[in-house]
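Spelled out, the chains give:
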Amino acid sequence: MSRFLVNLLSPQRQTHVVDVGANPIDGDPPYKTLLSQGLCAVTGFEPQAQALAELNLRKGSNETYLPYAIGHGGPAELNVCRYSGWTSLLKPRVAALQVFPQFQSNATVESVVQLHTKRLDDVAELSPFDMLKIDVQGAEFDVFESGRERLKQAVVIQTEISFIALYEQQPTFGTIDQVLRSMGFVPHCFAQIKHWPIAPLTASHITSAGPQLNQLLEADMVYVKDFVQPVTMDNEQLKHLCLLMHHCYRSFDLSARCIDLLQQRGALPSDALQRYVDHLNAGS
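Quick summary incoming for the structure in this document.

What counts, and where the lines are drawn
- All residue numbers refer to position in the chain's written sequence, counted from 1.
- Residue-level local features of this predicted model are given only where pLDDT is at least 70; pairs of side-chain atoms are given and counted only at 80 or more, and the full residue set underlies all totals for whole chains, interfaces and linings.
- Hydrogens are left out, water is left out, and the side-chain values use all remaining heavy atoms of the structure.
- By convention in these notes, a salt bridge is any Lys or Arg side-chain nitrogen within 4 Å of a carboxyl oxygen on Asp or Glu.
- Secondary structure is summarised from DSSP: a helix means a run of H or I of at least four residues, a strand means a run of E of at least two, and numbering begins at the N terminus for each.
- Three labels apply to residues, based on accessible area from a 1.4 Å probe with only protein chains included: buried if under 20% of the type maximum, exposed if over 50%, partly exposed otherwise in between.
- For this analysis, residues touch if any pair of their heavy atoms sits within 4.5 Å.
- Every axis in this analysis is a line fitted to C-alpha atoms, fitted for helices over the stretch in contact. Angles between the N-to-C directions lie between 0 and 180 degrees.
- Here is the rule for angles: anything less than 35 degrees is roughly parallel, anything more than 145 is roughly antiparallel, 65 through 115 is roughly perpendicular, and the remaining ranges are oblique.
- Note on convention: the crossing is left-handed when the near helix lies turned anticlockwise from the far helix by less than a right angle, right-handed when the turn is clockwise.
- All residues other than Ala, Val, Leu, Ile, Met, Phe, Trp, Tyr, Cys, Pro, Asp, Glu, Lys and Arg, Gly among them, are scored as polar; the first ten of these are nonpolar and the last four charged.

**Let's talk about the pattern of salt bridges**
Then step 1. Following the criterion strictly, the structure yields 13 salt bridges and no others.
Then step 2. Among the ionic pairs, Glu-145 bridges to Arg-148, the shortest N-O distance being 3.0 Å.
Then step 3. Between Lys-194 and Glu-218 there is a salt bridge, and its shortest N-O distance comes to 3.6 Å. With a gap of 24 residues between them, Lys-194 in strand E8 (residues 185-195) and Glu-218 in strand E9 (residues 216-225) connect regions that are remote in the sequence.
Then step 4. Taking relative accessible area as the criterion, Lys-194 reaches 26% and is therefore assigned partly exposed.
Then step 5. By relative accessible area, Glu-218 is classed as buried at 10%.

Have a look at this one:
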């Protein structure tokens, strides 16, 4: 049943996902279902040697991992923290760590590695891709700016965003939102939202009947190519957007819009949308 949508859409090629900062520490990636069913290929980038080794140990036939740090395309410093999930091209922000002291130990910089970043547009090994997943601990802006040409083909971006800067010179949500909108992407959904207690209170101080911990800290946010102006997408882009929305986020309404647009363009049979709706109602 997992191949129903692929068979309905008949894309010209396999869906391609690029994962920048592919360190496998945060659970299953959103594209796991597609990957496990052989419905997508993944190209990942991870400059941390231990994390890269773990990715290569686990990888399947549709996965490729490269040791590059993606950024502005020049010399940089990788701040290796006690917890690899805090390692970044930016330095942890001392003032923020004083307000969120639970992070202080993990955010301790234990070494600094000199390296040369690669621009996403300049990676010779990279073929056109449909989705960018990015988790680079505050350095997202440089990745987006370095990939403006390649991102013209992409239809989905899942990025970590920060509402409070946890790193020095870190662009926060407003800046990231502006740059992605300038590339033709619009917000679609939150994959995850993180709230965090502000010092001096900690989670241990709060009972179920007590005050709420409301401070927005970070989120994983999904952006998609602007479906309100679908003329910006060709038929193949609509097909991959449909597949990604269905399998990664269960955004069946956006998948249905893609099918409807393809049907209007004569790229799918006239009963394609009804077949998709029937498929959903059958519990598949």
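**Some thoughts on the environment of Pro-47**
Then step 1. Tracing the chain through its elements places Pro-47 in the loop between strand E2 (40-45) and helix H3 (49-58).
Then step 2. With relative accessibility at 31%, the residue Pro-47 sits in the partly exposed group.
Then step 3. A sequence separation of 23 residues divides Pro-47 from Ile-70, and the C-alpha atoms of the two residues are 8.8 Å apart.
Then step 4. Not counting the four nearest positions on each side in its chain, Pro-47 is found in contact with Pro-67, Tyr-68 and Ala-69.

**Focus on the packing of helix H8 (residues 252-264) against helix H9 (residues 272-281)**
Then step 1. At their nearest, the axes of H8 and H9 sit 8 Å apart, and the two run at 160° to each other. The angle between H8 and H9 places the two elements in the roughly antiparallel class. Regarding H8 and H9, the two cross each other, and that crossing is right-handed. Residues Phe-252, Ser-255, Ala-256, Ile-259, Asp-260 and Gln-263 of H8 pack against Ala-272, Leu-273, Tyr-276 and Leu-280 of H9.
Then step 2. For the contact of H8 with H9, the per-class residue count stands at seven nonpolar, two polar and one charged.

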